[in-house]
Amino acid sequence: QVQLVESGGELVQAGGSLRLSCTASGRTSSRYTIAWFRQAPGKEREFVSRTTLTGTVYADSVRGRFTISRDDGKNTVYLQMNSLKPEDTALYYCAADLLSSGTAWREYHYWGQGTQVTVSS
């Protein structure tokens with residue numbers, strides 16, 4: 001079992017920055033894919049970014065503005081979000097899986113509770 005806890009979400013003005021953290025506990029391993037997804041009210045959960053031992057992937061909507069990184073010594077994955085836009089407003093989740101490295105949320109087995117990001121215009 002792996003437990004995930006997100007933090008760092010808050011209210012920020014458009015153009016601002018935030019750094020989200022996802023800290024894992026339990027049977028953690030650097031072999032896990034860690035991904036960030038987000039879900040706005042009334043919308044589908046959408047892929048944001050993911051990191052594996054072999055590299056990172058970003059959604060088109062965040063590429064160039066968001067950066068994912070991981071510190072396996074701290075069992076933590078970060079999502080640095082710059083140049084935030086009102087459309088980035090959502091509940092941000094981190095997810096982990098040992099087998100999947102894709103962008104579909106249904107592929108991920110472990111989930112955190114989410115952290116709210118609100119970007120005001």
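Scroll up to find the structure this text is about.
Parameters at a glance
Residues numbered from 1 in each chain as written. Predicted model: local features only at pLDDT ≥ 70, side-chain atom pairs only at ≥ 80, totals over all residues. Heavy atoms only, no water. Phe/Tyr/Trp six-rings, centres within 6.5 Å; stacked < 30°, edge-to-face > 60°. Helix = DSSP H or I, 4+ residues; strand = E, 2+ residues; numbered from the N terminus. Buried < 20%, exposed > 50% of the residue type's maximum accessible area, 1.4 Å probe, protein only. Lys NZ or Arg CZ within 6 Å of the ring centre and 35° of its normal. Core = buried A, V, L, I, M, F, W, Y, C linked by side-chain atoms within 4.5 Å. Contact = heavy atoms within 4.5 Å. Pairing = 2+ DSSP bridges. Disulfide = S-S within 2.5 Å. Axes fitted to C-alpha atoms, helices over the stretch in contact; angles between N-to-C directions.

Take the packing of aromatic side chains next. Tallied over the entire structure, the rule returns six aromatic pairs. Note on Phe37 and Phe47: the rings are 5.8 Å apart at their centroids and 75 degrees apart in plane angle, and the pair reads as edge-to-face. One end of the pair, Phe37, is in strand β4 (residues 33-39); the other, Phe47, is in strand β5 (residues 46-52), with ten residues separating them in the sequence. The residues Phe37 and Phe47 share a single accessibility class, namely buried. Ring pairing ties together the aromatic residues Phe37, Phe47, Tyr93, Trp105, Tyr108 and Trp111, which thus form one cluster. In this structure, Arg45 packs its charged tip against the face of Tyr93, placed 4.1 Å from the ring centre. Over the face of the ring belonging to Trp111 we find Arg45, whose NZ or CZ atom lies 4.7 Å from the ring centre.

Side chains of a nonpolar character, in soluble globular proteins, are inclined to be buried together. Ranked by internal contacts, the top residues of the largest apolar core, which has 33 residues, are Leu4, Trp36, Phe66, Leu79, Met81 and Tyr92. Looking at this core, the element that brings in the most residues is strand β9 (residues 90-97), giving five residues. With sequence-adjacent residues up to four places away left out, Tyr92 is seen in contact with Glu6, Leu20, Trp36, Phe37, Arg38, Val48, Phe66, Leu79, Met81, Gly114, Thr115 and Val117.

Burial of β9 is extensive: seven of the eight residues sit out of reach of the surface. Both β4 and β9 contribute to a ladder of seven bridges, which runs antiparallel. Counted as the bridge partner of Trp36 is Cys94 from β9. The pairing of β9 with strand β11 (residues 115-120) spans three bridges and is antiparallel. The residue of β11 that forms the bridge with Ala90 is Val117.

Here the structure, examined in full by the defined rule, presents one disulfide. Shown here is the disulfide that connects Cys22 with Cys94, its sulfur atoms set 2.1 Å apart. Given an S-S torsion of about 65 degrees, the disulfide between Cys22 and Cys94 has right-handed geometry. Taken as a pair, Cys22 in strand β3 (residues 18-26) and Cys94 in strand β9 lie far apart in primary sequence, 72 residues in all. Residue classification places Cys94 among the buried positions, given a relative accessible area of 0%.

Bringing the sheet that holds strand β8 (residues 76-81) into the picture now. As summarised here, the arrangement of the four strands in space is β1-β3-β8-β7, forming an open sheet in which the pairing is antiparallel. Every other strand in the sheet has two partners, leaving β1 (2-7) and β7 (66-71) as the edge strands with one partner each. Between one strand axis and the next, the sheet turns through 15 degrees on average, direction left out of account. Relative to β3, β1 is paired through six bridges, and the arrangement is antiparallel.

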